[in-house]
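Listed below are the residues making up each chain.
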Amino acid sequence: MTKDSYLVGLIGSGIGPSLSPALHEREADRQGLRYLYRLIDIDVLGAAPQAVGDLVRAARDLGFDGLNITHPCKQLVIEHLDALSPQAEALGAVNTVVLEDGGRAVGHNTDVTGFAASFARGLPDVPLERVVQLGAGGAGAAVAHATLTLGAGRVTVVDALPERAAQLAAALNRHFGEGRATASGPDRLPELLAHADGVVHATPTGMAAHPGLPFPAALLRPGLWVAEVVYRPLETELLRTARALGCATLDGGGMAVFQAADAFRLFTGREPDSARMLADIAELAGAVPAPK
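Since we're looking at a predicted model, the values are computed, not measured.

A. Examining the pairing of strand 10 (residues 198-201) more closely. In strand 10, alternate side chains face the same way, and those of Gly198 and Val200 on one face and Val199 and His201 on the other are all buried. Sheet topology places strand 7 (residues 130-134) next to strand 10; four bridges connect them, and they run parallel. Within strand 10, the position partnered with glutamine 133 by the bridge is valine 200. Across four bridges, the pairing between strand 10 and strand 11 (residues 225-228) is parallel. Note that in strand 11 the partner of valine 200 across the bridge is alanine 227.

Following this line, the structure appears as C-alpha cells:
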C-alpha cells in the first residue's frame, strides 16, 4: 500500500539552484501527500564525492524513502547499493535510489527514460542516422543510451577526457551492437558536425555557473537539430544561437520533468501528471509568469 507521507532528497555538488524539490513537492501537494524534498549538497557539507555512500546510509537510517543522485556521484554511488535496475546496471550510472522498508537501497536511472520521453515529444520527426553527443559523464551515458534506444544509427561521443568518451562508446557498443557508437576528441568537432543530423549537448556549459557556448557558433548550421540537457536556464546560449539559425531545438526542461516524474513514481507508487509538471518547470525556470 502507498503511504501519504514521504521524505526524499538530492545528493550532489552545487545543487542549490535545483528545481527538483519544487517539481516533486508541487506534484505531491496536488495529490494530497505530505512530501519533503531536501537538498544534500556535498559542497555545503564540505564532503568529497566519495562520501556519497555514507550519505546514503545516513539517509536510510534517518528514514528517507528515496534519493536522487546527481553530479558528481551518479557512478560513485553504485558500489554502495544493494541492487540495480537493469537499466542502471547497463548504464553504470544511478540518479534515483529507492530506500525500501527492509533497508535495501535499490538504484535506478530515470535520466534515460526522461530524455527519451522529452525527445520523442519535442523532436519527433528529426533524422537520427548520425548523432554527435558532447559529454560522456553520468548524464551523458544516460542520454546516449536513450538516443540509441530511440533509433539513432550511430552516436559519436565527444568528451574533453578521451578515455571517458572511449569507455562510454565501448559500453554502448556492448549493449547495442558493434559500430553503433564511436569516440572522438573535441578537435574533430568541425568535421563531425558538418556531417551530423543533430547534436546532443550533455555538459554543464550553458548553466548559470558555466555560461557560454560548448563549441564555436560557426559550427552550427540550418538543418542541424540541437538537443540540450541543461535546464537552468531553459534557453541556453547554445539554444538561442541555434534557433536564430533556424535549427530545430529541444531544451532540457522536458528531460528534467520526465526524469522527475519517473522518480516520483518510484518513490511513491503513484502516477504523476507530467503535463502539470511541464507547466511547473516553465514557470519555475522563468519561461512563463506565475499564475495569479
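B. Representation of unusual backbone geometry within the structure. With omega at 5°, the peptide bond leading from histidine 71 into proline 72 counts as cis. Locating proline 72 in the fold gives a position in the loop between strand 3 (66-69) and strand 4 (83-84). Omega for the peptide link from arginine 232 to proline 233 comes to 5°, which places this bond in the cis form. Positionally, proline 233 belongs in the loop between strand 11 and helix 9 (237-244).

C. Representation of the pattern of salt bridges within the structure. Tallying each qualifying case throughout the model produces 16 salt bridges. Ionic pairing is found between aspartate 280 and arginine 26, a salt bridge with its closest N-O pair at 3.2 Å. Residue aspartate 280 is located in helix 11 (residues 274-284), and its partner arginine 26 is located in helix 1 (residues 20-30); the two are separated by 254 residues in the primary sequence. Given the relative accessible area of 5%, aspartate 280 is considered buried. According to the relative accessible area criterion, arginine 26 is partly exposed, its value standing at 26%. For arginine 265, the salt bridge is made with aspartate 262, and the minimal N-O distance between the two is 2.8 Å.

D. Local environment of the environment of isoleucine 78. By the element assignment, isoleucine 78 lies in the loop between strand 3 and strand 4. Take isoleucine 78: its relative accessible area is 22%, and that puts it in the partly exposed class. Ignoring sequence-local partners within four residues, the contact set of isoleucine 78 consists of Leu84, Gly92, Ala93 and Val94.

E. Region of interest: the packing of aromatic side chains. Applying the stated criterion across every chain yields a total of four aromatic pairs. Residues tyrosine 6 and tyrosine 35 carry aromatic rings whose centres are separated by 6.1 Å and whose planes lie at 45° to one another, so their mutual orientation is tilted. Separated by 29 residues along the polypeptide, tyrosine 6 in strand 1 (residues 5-12) and tyrosine 35 in strand 2 (residues 34-41) bring together distant segments of the chain. For the pair tyrosine 6 and tyrosine 35, a shared accessibility class is recorded, and that class is buried.

F. Expanded view of the packing of helix 5 (residues 110-122) against helix 6 (residues 138-149). At a minimum axis separation of 8 Å, helix 5 and helix 6 run at an interaxial angle of 50°. As far as their axial angle goes, helix 6 and helix 5 are oblique. Crossing of helix 5 against helix 6: the hand is right-handed. Here helix 5 contributes Asp111, Val112, Phe115 and Ala116 to the contact with helix 6, which in turn contributes Ala142, Val143, His145, Ala146 and Thr147. Of the residues contributing to the contact of helix 5 with helix 6, the split by class is six nonpolar, two polar and one charged.

G. Broad picture of the pairing of strand 6 (residues 105-108). Going residue by residue along strand 6, you find Ala105 and Gly107 tucked away on one face and Val106 and His108 tucked away on the opposite face as well. The pairing of strand 4 with strand 6 spans two bridges and is classified as parallel. Following the sheet pairing, alanine 83 is matched in strand 6 by valine 106. As judged from the four bridges shared by strand 5 (residues 96-99) and strand 6, these two strands associate in the antiparallel manner. In the sheet register, leucine 99 faces strand 6, and the bridge partner there is alanine 105. The turn linking strand 5 back onto strand 6 is made up of five residues, and glycine 103 within it adopts a positive phi angle of 100°.

H. Structural view of the sheet that holds strand 2. Spatially, 2-1-3-5-6-4 is the arrangement adopted by the six strands of the open sheet, whose pairing is mixed. Strand pairing shows two members of the sheet lacking a second neighbour, strand 2 and strand 4, which therefore form its edges. Of the strands in this sheet, strand 2 and strand 3 touch helix 1, which is tilted by about 175° from strand 2. Each of strand 1, strand 2, strand 3, strand 5 and strand 6 touches helix 10 (residues 253-268); the most contacted strand, strand 5, lies at about 10° to it.

Conventions adopted
- Residues numbered from 1 in each chain as written.
- Predicted model: local features only at pLDDT ≥ 70, side-chain atom pairs only at ≥ 80, totals over all residues.
- Heavy atoms only, no water.
- Buried < 20%, exposed > 50% of the residue type's maximum accessible area, 1.4 Å probe, protein only.
- Helix = DSSP H or I, 4+ residues; strand = E, 2+ residues; numbered from the N terminus.
- Pairing = 2+ DSSP bridges.
- Salt bridge = Lys/Arg side-chain N within 4 Å of Asp/Glu carboxyl O.
- Contact = heavy atoms within 4.5 Å.
- Phe/Tyr/Trp six-rings, centres within 6.5 Å; stacked < 30°, edge-to-face > 60°.
- Axes fitted to C-alpha atoms, helices over the stretch in contact; angles between N-to-C directions.
- Parallel < 35°, antiparallel > 145°, perpendicular 65-115°, else oblique.
- Left-handed = near helix turned anticlockwise from the far one by under 90°.
- Nonpolar A, V, L, I, M, F, W, Y, C, P; charged D, E, K, R; others polar.

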